Amino acid sequence: MNKQSHTKASPNRRLRGMIIKESLQIIRDPSSIAIAFIMPVVLLLLFGYGVSLDAKHVPVGLVIEQPDAVTASLAGSFAQSEYFAPRPFHSIQEAETALKERRIDGIIWLKNNFSEQLLNTKEPPIAVRVNGVDSNQANMTQGYIQGVWLTWLQHYAQSKGRSLQQAVQMEQRIWFNPALSSTLFLVPGLIAIIMTLIGSMLTSMVVAREWDRGTMEAILVTPLSSNEFLAGKLVPYFVLGMVSMLFTVALAIWLFDVPMLGSFWILLLSSSLFMLVSLAIGLLISIVSKNQFVAGQISLVVTFLPAYMLSGFIFDIHSMPAAIQLITHIVPARYFVAILQTLFLAGDIWPVLLANMGALLLMLFIFAVIVRKKSNNHLE
Amino acid sequence: MLQAIFALAIKEFLALLRDKRSRLVLIVPPLAQLLIFGYAASFDLNNVPIAIYNEDRGATSHEFISRLEGSPNFEIIRSIHRDADIAPLIDNKKALIVLHIDSRFSANLQKNIPASMQVILDGRNSNMATVAFNYMRSILMDFNHEWAETHGTGRPPATLKIRAWYNENLQSRWFIIPGIIGLLTLVVTLMVTALSVAREREAGTFDQLLVTPLTPLQILIGKALPGVVIGIVEASVIITFAVYWFDIPLRGSLGSLYLGLFLFSLSAVGVGLMISAISVTQQQAVLGAFMFMVPAVILSGYATPIANMPEVIQWLTYINPLRYLLIIIRGVFLEGDSYALLFNQYWPMAIIGIASLATAGWLFRKRMY
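Everything numeric here is computed off the predicted structure, so don't read it as measured data.

Re the overall build of chain B
So, point 1. Each helix and strand counted, chain B has 14 helices and five strands in total.
So, point 2. Against the globule reference of 21 Å for 369 residues, chain B gives a C-alpha radius of gyration of 28 Å, more extended than a compact globule.
So, point 3. A principal-axis box enclosing the C-alpha atoms of chain B has dimensions of 95 × 45 × 40 Å.
So, point 4. In chain B, which comprises 369 residues, the share counted as buried stands at 50%.

This is how it looks when you write it as structure tokens:
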């Protein structure tokens, strides 16, 4: 670019022109508006209402070989629990067929002489099977079955004048989310996912589009410097991302009753930081790929999917193998998800907030340097 | 006529595979994702950071703590000695759990009075808290059992023996990796087809294609073929990795798996072409593909079960082809299901495939005249 002769011809006006051009492109292309405003709503509704790790009314088959008062009382315990929707079966064979056909998720089988043997043998005359394919749900279901069984057994033994005491009892106290509702941790994390979509996906397509259409050459011969070009590309998408972030936060608070315990200014500051990092990554992808198909695929793979899977949004980072844990350090959403979950559910806890914001700042610096270098190579 | 379709399909393959970067994008990212997500995506917890607040001086509490130490699920990060130390550890995410044992613990146990301990959990991630508590409870149940047996204090409550079918050790990986096969097949197939028409429209070559002697139906088939082929090839590579790298048991027949994959790629291609037909630019096509993909993944039962969703959302999942494919893949891999058992998954996908391809064809025609 010919800097010498033109830089003095009011760079502000050139920058403004670039920003206006980009903004018009966003406003005139319904798909960008859709991803900035409709996507957050759809995602929030889907996650808020549709995604839940809390199993309720699990269909279980109940096989009672010798019905009497005792088995009726146990069956009643299962029927009353909100976790189960028991269905009677006449024989274990029938129930096993139903389990194989996925009509039920588990079987509780009270064997022949259940009532007689209940308190007399070491192995209780009851057998339980669960479908283990979905291991997480199976784990939860097992926990619920154990819970119902133990409570019922204690009551039953007491009514017979026997005590079945446990040596050690454990009481649990859960902080920040006492009802253990998965919505409360999924919805704040979702803000990170939505901002990743706008910051990286949308932006990466933008420069790539200029190459695809051949308008990049046209821009290259204008007096625009590469800094102005980058700023002009970034400002409109930054605004778009922040607006949809505020929109998402408003929905989270008023629609899903997620508490917002931290301060709003920290939220604004940390989201700006995260947005800038996402934009830098988006720009980098588009500069490198120069083709919308490639840009779309790369941004999907290096931004969206890691934000979903490697950020601690849904899967625990601590439990991953060490090599994968290392990779999660270069996923910016990891830091932002930690900030969001803490800010919403626990409040301004400075050690967590500062450490993660520091990491975002460092990432921003590194990516800004890379983008500068790459854009100089590619654009000039 | 067949020759014409064939020629178009070959041209589509060339358009896609000619570019080195496009080629790389089809091969490297899916494999990288499979490896990374295969190891990362798990609900099982290892090395849960736990802090111990033990006020008891007896031997029994130490015996319990050494059980925690021996468990791969927990990692004791610190011992604390004051109430005030609990909050910072949990707040700052240094520990997920603080175990508090009070000073009368051992004494109560010796006197045969039920002893108690308190577990404080960080509930920010509710699922982790529940899973970690369940681990803790099973360690406690074992402890109680042995205590009752060795000390002869009353009968311990009979513990239930629960057997899990199909995934006997309840490993998350057996559940997630078959899911990834479906996920990646969807991503690749949809992207390839969604961009195929949009690319031509943006370059202006779609009009040229329209004035060739090809009928809309032939264009549709020619455009659909590469998507189906690439989707199935991609899936085969991932299946190979799932079986030989991750050791996921493949208990059913490959035929029933591939019938499902074929029907699924038809419906994914149909949706991709629909998106392609209504978008004017490639950017719109990618965004459109995305807007289909995200809900399709979320509402497929990939990570969170469909049964937990509200009923209205559950109805929505019936038009999601990925829902059926995931049941088929998991059914064939883990449960060894036969064709008959999967029949109810095959036919909805076939209907979705036919309907979406027909709509795409109709949209092509509408765009033409």
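A word on the overall build of chain A
So, point 1. Scanning chain A for helices and strands turns up 15 helices and five strands.
So, point 2. At 29 Å, chain A has a C-alpha radius of gyration far larger than the 21 Å of a compact globule built from 380 residues.
So, point 3. Taken over the C-alpha atoms alone, chain A extends approximately 100 × 45 × 40 Å along its principal axes.
So, point 4. Going through the 380 residues of chain A one by one, you find that 46% of them count as buried.
So, point 5. Intrachain contacts of chain A at a sequence separation of at least 6 include 79% that bridge at least 24 residues.

Quick word on the pairing of strand E1 (residues 48-54) of chain B
Residue and element names in this part refer to chain B.
So, point 1. The buried fraction of E1 amounts to six of the seven residues, a majority that puts the element mostly inside the structure.
So, point 2. With six bridges joining them, E1 and strand E2 (residues 74-80) adopt parallel strand pairing. Paired with Val-48 across the bridge in E2 is Phe-74.
So, point 3. Remark: the E1/helix H3 (residues 59-70)/E2 crossover connection has right-handed handedness.
So, point 4. Relative to strand E3 (residues 97-101), E1 is paired through five bridges, and the arrangement is parallel. If you follow Ile-52 over to E3, its bridge partner there is Leu-99.

Re the sheet that holds strand E1 (residues 58-64) of chain A
So, point 1. Across the sheet, which stays open at both edges, the five strands sit in the order E2(A)-E1(A)-E3(A)-E4(A)-E5(B) with mixed pairing between neighbours. Edge strands, defined here as strands with exactly one partner in the open sheet, are strand E2 (84-89) of chain A together with strand E5 (162-165) of chain B. Between one strand axis and the next, the sheet turns through 25° on average, direction left out of account.
So, point 2. As paired strands, E1 of chain A and E2 of chain A are joined by six bridges and run parallel to one another. Bridged to Leu-62 of chain A within E2 of chain A is Pro-88 of chain A.
So, point 3. Sitting on the sheet, helix H7 (residues 135-159) of chain A is in contact with E1, strand E3 (106-110) and strand E4 (126-131) of chain A together with E5 of chain B, with an inclination near 155° to E4 of chain A.

What about the domain arrangement of chain A?
When the parts of a complex come together, some accessible area is lost, and that lost area is often taken as the interface size.
So, point 1. Looking at the assigned domains, one finds that chain A contains domain 1 (14-51 + 181-379) and domain 2 (58-159).
So, point 2. Here the C-alpha centroids of domain 1 of chain A and domain 2 of chain A sit 48 Å apart.

A short note on the domain arrangement of chain B
So, point 1. Parsing chain B into structural domains produces domain 1 (2-41 + 171-368) and domain 2 (48-151).
So, point 2. One C-alpha centre belongs to domain 1 of chain B, the other to domain 2 of chain B; they are set 48 Å apart.

Concerning the sheet that holds E2 of chain B
So, point 1. With respect to topology, five strands assemble into an open sheet ordered E5(A)-E4(B)-E3(B)-E1(B)-E2(B), the strand pairing being mixed. Both outer strands of the open sheet, strand E5 (168-175) of chain A together with E2 of chain B, are each paired with one neighbouring strand and no more. If you compare each strand with its neighbour and ignore which way they point, the axes differ by 25° on average.
So, point 2. The strands that H3 of chain B touches are E1, E2 and E3 of chain B; relative to E1 of chain B, the one it contacts most, it runs at about 170°.

Some details on helix H12 (residues 292-309) of chain A
So, point 1. The end-to-end C-alpha distance of H12 of chain A is 24 Å, a good match for the 26 Å that 18 residues give at a rise of 1.5 Å each.
So, point 2. The element H12 of chain A is extensively covered by neighbouring structure, given that 15 of its 18 residues are classed as buried.

Some remarks on the interface of chain B and chain A
So, point 1. Taken together, the contacts link 93 residues of chain B with 95 residues of chain A.
So, point 2. Listed by contribution, the elements that provide at least two residues to the side of chain B that touches chain A are helix H2 (20-40), helix H4 (86-91), strand E4 (115-122), helix H6 (126-151), E5, helix H7 (172-203), helix H11 (282-298) and helix H13 (321-335) of chain B.
So, point 3. Classifying every residue of the side of chain B that touches chain A gives 54 nonpolar, 26 polar and 13 charged.

Considerations on the packing of helix H2 (residues 11-28) of chain A against helix H10 (residues 226-256) of chain A
Residue and element names in this part refer to chain A.
So, point 1. Closest axis-to-axis distance for the H2/H10 pair is 8 Å, and the angle between their directions is 45°. Here H10 runs oblique to H2, going by the angle between their axes. By crossing handedness, the relation of H2 to H10 is classed as right-handed. Here Pro-11, Arg-14, Leu-15, Met-18, Ile-19, Glu-22, Ser-23 and Ile-26 of H2 lie close against H10, whose contacting residues are Glu-228, Phe-229, Ala-231, Gly-232, Lys-233, Val-235, Pro-236 and Leu-240.
So, point 2. Here the residues of the contact of H2 with H10 sort into 10 nonpolar, two polar and four charged.

Observations concerning the pairing of E4 of chain B
So, point 1. Within E4 of chain B, six of the eight residues are buried, leaving the element largely enclosed by the surrounding structure.
So, point 2. Summarising the sheet, E5 of chain A and E4 of chain B pair through eight bridges and their orientation is parallel. Residue pairing in the sheet places Arg-173 of chain A in a bridge with Ile-120 of chain B of E4 of chain B.
So, point 3. Relative to E4 of chain B, E3 of chain B runs antiparallel, the two sharing five bridges. Directly across from Leu-99 of chain B, in E4 of chain B, lies its bridge partner Val-119 of chain B.

Regarding the environment of Val-130 of chain A
So, point 1. Checked against the element boundaries, Val-130 of chain A lands in strand E4.
So, point 2. When neighbours within four sequence positions are excluded, Val-130 of chain A is seen to be in contact with Asp-105, Gly-106, Ala-138, Thr-141 and Gln-142 of chain A together with Ile-162 and Ala-164 of chain B.

Quick notes on the rules
- Residues numbered from 1 in each chain as written.
- Chains lettered and ligands numbered in written order.
- Predicted model: local features only at pLDDT ≥ 70, side-chain atom pairs only at ≥ 80, totals over all residues.
- Helix = DSSP H or I, 4+ residues; strand = E, 2+ residues; numbered from the N terminus.
- Rg over C-alpha atoms; globule rule 2.2 N^0.38 Å.
- Buried ≥ 20, exposed ≤ 12 C-beta atoms within 10 Å, placed from the backbone.
- Contact = placed C-beta atoms within 7 Å.
- Pairing = 2+ DSSP bridges.
- Right-handed = clockwise from strand over helix to strand, strands pointing away.
- Axes fitted to C-alpha atoms, helices over the stretch in contact; angles between N-to-C directions.
- Domains from an automatic or database assignment.
- Expected span 1.5 Å × (residues − 1).
- Nonpolar A, V, L, I, M, F, W, Y, C, P; charged D, E, K, R; others polar.
- Parallel < 35°, antiparallel > 145°, perpendicular 65-115°, else oblique.
- Left-handed = near helix turned anticlockwise from the far one by under 90°.

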